[in-house]
2 protein chains.
Amino acid sequence: MAESVSKHDVFQAIADPTRRRLLRLLGDQEMSVTIISGHFTMSRTAVSKHLRVLADAGLVKDQKVGRETRYRLDPEPLLELKKWLSYYERFWENKLFSLKRYVESDDPAVMESFPPLRVYMENEE
Amino acid sequence: MAESVSKHDVFQAIADPTRRRLLRLLGDQEMSVTIISGHFTMSRTAVSKHLRVLADAGLVKDQKVGRETRYRLDPEPLLELKKWLSYYERFWENKLFSLKRYVESDDPAVMESFPPLRVYMENEE
DNA sequence: AAATTACGAAACAATTTGGTTTCATTTAAT
DNA sequence: ATTAAATGAAACCAAATTGTTTCGTAATTT
């Protein structure tokens, strides 16, 4: 299961809004480059380059069929993102959730569910 | 709950590996700019600019304390990412999970759990 | 066989990004 | 009152990003 080191990483790949639109589009259906670029105002070549970035990140796969190249979504690399995000779950669970309760409750006792404020330390790590 | 339109979006903000390291660092503890930049080889000013990008995306909050500026994580904007990602859950649940079962099972009957291949249509949307 | 279609490569340009060094300002320490 | 520390703003630079147009090539139609 060796993760091949891709030229572009997922974080980089999804940073661009056009590429996020592409992923959505290809989630519905496999499509040729010309059909895909019909959904955008930019040139076909520009779309093609975005597809290349997505392919380098492993987010899409391409397949030659006759003279056309069809792209389809491969969501697998998004698992890395999911994993990265999961680290921050605890912050939502602790801080934000209790904050929401506090804001919505009007009950000062709820304040106790807050974790103590962190102390600023000079020598961390 | 009007989402203020931030100058930088979350996707953009987390695209840079340095900024992802910053988020991790600030998750542990609130810190001053000097202390933070002590964790990086680049200049303090460079780190400061990364912090600015994160702040523009709402991912960190800053607070002036005397002559120093302390930054802390604000994970809330990551919920947008989580929401975006959730769209792709169905793909993992369908395609990948069944693929994994297929690959690992050696049982050709498992093949039936695959959804039919999508037909290429000229006129979508 | 000739024309058309689908596509990527290449060269180019504008803008953004990610870094630097220098400088001014505010606050704290001596 | 000076000096030192903490920081952001500004000017600058190299490289990457995002787009364009032009061209060549392979496959399909006519």
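The structure presented is a predicted model; accordingly, all values stated were derived computationally and were not measured.

*Asks:* Is there a simple way to think about the pattern of salt bridges in this case?
*Replies:* Close approach of charged atoms lets side chains of opposite charge pair. This model, assessed by the stated rule, comprises eight salt bridges over all chains. A salt bridge links Arg70(A) to Glu68(A), with the nearest nitrogen and oxygen atoms 3.0 Å apart. The exposure class assigned to Arg70(A) is buried, which follows from its relative accessible area of 16%. Accessibility expressed as a relative area gives 25% for Glu68(A), which makes it partly exposed. Glu89(A) is paired through a salt bridge with Lys82(B); the nearest N and O atoms lie 2.8 Å apart. Pair noted here: Glu89(A) is in helix H6 (residues 89–105) and Lys82(B) is in helix H5 (residues 78–86), and the two residues belong to different chains.

*Asks:* Help me understand the environment of Ile36(B) in this model?
*Replies:* Residue and element names in this part refer to chain B. Looking at the element boundaries, Ile-36 is found in helix H3 (residues 33–37). For Ile-36, a relative accessible area of 0% puts it in the buried group. Residues Ile-36 and Tyr-71, 35 residues apart in the sequence, show an inter-C-alpha distance of 8.8 Å. Contact partners of Ile-36, with chain neighbours within four places excluded, come to Leu-22, Leu-25, Leu-26, Met-31, Val-47, Leu-51 and Tyr-71.

*Asks:* Looking at this structure, how should I read the protein's contact with DNA strand D?
*Replies:* Neighbouring residues of DNA strand D: 22 residues in total, closest Gln12(A), His50(A), Thr34(B), Arg44(B) and Ser48(B). Backbone atoms, meaning sugar plus phosphate, form 65% of the atoms of DNA strand D positioned within 4 Å of the protein. A distance of 2.4 Å is found between a phosphate oxygen of DNA strand D and a side-chain nitrogen or oxygen belonging to Gln12(A). Contacts to DNA strand D include Thr69(B), whose backbone N or O atom sits 2.9 Å from a phosphate oxygen. Among the elements of the structure, helix H4 (44–56) of chain A together with H3, helix H4 (44–56) and strand S3 (68–73) of chain B are those that each provide at least two residues to the surface near DNA strand D.

*Asks:* Got a minute to help me understand the sheet that holds strand S2 (residues 60–65) of chain A in this structure?
*Replies:* Strand pairing in a sheet relies on backbone hydrogen bonds, with the paired strands running either antiparallel or parallel. Residue and element names in this part refer to chain A. With antiparallel pairing, the three strands of this open sheet are ordered in space as S1-S3-S2. The two strands at the open ends of the sheet, each matched to only one other strand, are strand S1 (31–32) and S2. Pairing between S2 and strand S3 (residues 68–73): six bridges, direction antiparallel. Paired with Lys-64 across the strands is Thr-69, a residue of S3. In the packing of helix H2 (residues 17–28) onto the sheet, contacts are made with S1, S2 and S3, and the angle to S3 comes to roughly 95°.

*Asks:* Sorry if this is basic, but what is going on with the packing of helix H2 (residues 17–28) of chain B against H4(B) here?
*Replies:* Residue and element names in this part refer to chain B. The geometry of H2 relative to H4 is characterised by a closest axis approach of 10 Å and an angle of 80° between their N-to-C directions. Comparing their axes, H4 and H2 come out roughly perpendicular. The residues of H4 that touch H2, namely those facing Thr-18, Arg-19, Leu-22, Leu-23 and Leu-26, are Val-47, His-50, Leu-51, Val-53 and Leu-54. Counted by class, the contact of H2 with H4 contains seven nonpolar, two polar and one charged residues.

What counts, and where the lines are drawn
Residues numbered from 1 in each chain as written. Chains lettered and ligands numbered in written order. Predicted model: local features only at pLDDT ≥ 70, side-chain atom pairs only at ≥ 80, totals over all residues. Heavy atoms only, no water. Salt bridge = Lys/Arg side-chain N within 4 Å of Asp/Glu carboxyl O. Buried < 20%, exposed > 50% of the residue type's maximum accessible area, 1.4 Å probe, protein only. Helix = DSSP H or I, 4+ residues; strand = E, 2+ residues; numbered from the N terminus. Contact = heavy atoms within 4.5 Å. Near = heavy atom within 4 Å. Polar contact = N/O pair within 3.5 Å; in protein donor to acceptor, adjacent residues only side chain to side chain. Pairing = 2+ DSSP bridges. Axes fitted to C-alpha atoms, helices over the stretch in contact; angles between N-to-C directions. Parallel < 35°, antiparallel > 145°, perpendicular 65-115°, else oblique. Nonpolar A, V, L, I, M, F, W, Y, C, P; charged D, E, K, R; others polar.

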